Amino acid sequence: MRRREFITLLGGAAAWPLAARAQQGKRVRRVGALLPLAASDPQVQARYAAFLQRLQQLGWTVGNNVQIDSRWSAGNEDDTRKYAAELVALAPDVIFTSGSAGVGPLRRATRTDPVGAGFVESLARPGGNTTGFTPYEYGIGAKWLELLKQIAPSVTRVAVVRDPAITAGIGLWGAIQSVSPSFAVELRPVDVSDAGEIERALAAFAGSPNGGLIPTGSALAIVHRDLIIALAARHRLPAVYYERYFAAAGGLVSYGADVVDQFRLAAGYVDRILRGEKPADLPVQAPTKYELVINLKTAKAGLTVPETLLARVEEVIE
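Remember, it's a predicted structure, so these values are computed and weren't measured experimentally. (Residues numbered from 1 in each chain as written. Predicted model: local features only at pLDDT ≥ 70, side-chain atom pairs only at ≥ 80, totals over all residues. Heavy atoms only, no water.)

**Details of the sheet that holds strand 7 (residues 157-162)**
- Across the sheet, 3 strands lie side by side as 8-7-9; this open sheet has parallel pairing. The open sheet has two edge strands, strand 8 (186-191) and strand 9 (211-215), and neither has a second partner. Taking each pair of neighbouring strands and ignoring which way they run, the sheet shows an average axis angle of 25 degrees.
- With 5 bridges connecting them, strand 7 and strand 9 associate as parallel partners. Residue pairing across strands places Arg157 opposite Gly211, the latter belonging to strand 9.
- In this fold helix 4 (residues 140-151) packs onto strand 7 and strand 9, with an angle of close to 150 degrees to the strand it touches most, strand 9. (Pairing = 2+ DSSP bridges. Helix = DSSP H or I, 4+ residues; strand = E, 2+ residues; numbered from the N terminus. Axes fitted to C-alpha atoms, helices over the stretch in contact; angles between N-to-C directions. Contact = heavy atoms within 4.5 Å.)

**Some words on helix 1 (residues 42-57)**
- With 16 residues, helix 1 should cover 22 Å at 1.5 Å per step; its first-to-last C-alpha distance of 22 Å lies within 8% of that length.
- Turning to helix 1, its buried residues are Val44, Arg47, Tyr48, Ala50, Phe51 and Leu55. On an axial view of helix 1, the arc spanned by its buried residues comes to 150 degrees, and they lie on one face. Away from its buried face, by an angle of more than 90 degrees, helix 1 presents the exposed residues Pro42 and Gln57.
- Lining the buried residues of helix 1 we find strand 3 (29-35), strand 4 (66-72), strand 5 (94-98), helix 7 (219-223), helix 9 (244-248) and helix 10 (259-274).
- At the N-terminal boundary of helix 1, the capping side chain belongs to Asp41, with an oxygen 2.9 Å from the backbone nitrogen of Gln43.
- Of the residues trailing helix 1, Gly59 is marked for its positive phi of about 105 degrees. (Expected span 1.5 Å × (residues − 1). Buried < 20%, exposed > 50% of the residue type's maximum accessible area, 1.4 Å probe, protein only. Arc of directions from axis to C-beta. Polar contact = N/O pair within 3.5 Å; in protein donor to acceptor, adjacent residues only side chain to side chain.)

**Points about the nonpolar core**
- Counting residues in each nonpolar core, the largest one holds 76 residues, and the members touching the most others are Phe51, Trp144, Val158, Leu213 and Tyr242.
- The element that contributes the greatest number of residues to this core is helix 10, accounting for 8 residues.
- Filtering out sequence-adjacent residues up to four positions away, Val158 remains in contact with Leu145, Leu148, Val185, Glu186, Leu187, Arg188, Phe205, Gly212, Leu213 and Ile214.
- Formed by 7 residues, the second largest nonpolar core is a distinct cluster that contains Leu34, Tyr83, Ala84 and Ile95. (Core = buried A, V, L, I, M, F, W, Y, C linked by side-chain atoms within 4.5 Å.)

**A closer look at the packing of aromatic side chains**
- Per the counting criterion, the structure on display carries 10 aromatic pairs.
- Judged by centre distance (5.3 Å) and plane angle (85 degrees), the rings of Tyr48 and Trp72 are edge-to-face. Here Tyr48, found in helix 1, pairs with Trp72, found in strand 4; they are 24 residues apart in sequence, far enough to count as distant. As far as the burial class goes, Tyr48 and Trp72 line up, both buried. (Phe/Tyr/Trp six-rings, centres within 6.5 Å; stacked < 30°, edge-to-face > 60°.)

**Focus on the sheet that holds strand 11 (residues 253-256)**
- In space, the 4 strands of this open sheet follow the order 10-11-12-13, with mixed pairing throughout. Two strands lie at the open edges of the sheet, namely strand 10 (240-241) and strand 13 (315-317), each paired on one side alone.
- Pairing between strand 10 and strand 11: 2 bridges, direction parallel. Paired with Tyr241 across the strands is Ser254, a residue of strand 11.

Structure representation (structure tokens):
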């Protein structure tokens, strides 16, 4: 039995082909899906539906020639580890996961080894049995801070919401921290673990003036996104988010990749692995385009959006 291989959205989406087994010649192939997100979340369901739809377009129909075993952990770290072990024990042909929160437990469960997180050897030649798509490089953190200062020039203090348990949380914090002196901004890390901690930390941070907010990507940020958006509004904290659905749900501005499209792309890698290609030969891909989205209704609650910024946006939500 060869090493298990995977597709993962590396802080975005990824894939591992598991063993090439005697079952390989059988008609029905098996795919594991580890989603450290809430199954009831409509935004998450839209991503997963795009993944399934693309698989079908590529010739893989659930119940016909492919079986998908899915596990949803809603950001619970213990459940993610448990479900990772469960899926590995099922010995599917490929395991698909989303985000560092899913990649780490799967890597440990399969004894395998993107570059900053230590999941792959390089983006062009991942090596091992892990490959996939990343939603951003850590340098995007500097862009988020730049956008925040453009839309709210008075901001001098920024709370960075992060999950310190994942590499992306540490890497993005470091990227934002490295450029904060050039924007004359003081940073405060806000570690996410549960709703109460987020609420207490942001209430305390908002006790002083000229504050702003940058939530970084994680499964916990997705699970608690409505709370984070509501707290930003309650405490009048201008905020820059990393995905469009934050702006669509009432957040001020977002700058990031089209994650639904990344799930479609991940389905393409699953297809290629099921047909015999190796993850080690499939490069980890970063987005070629980022979307800038502004919620004007939220902005009008106390900010004036510069015309130069409006001219660059892909979407204005009114």
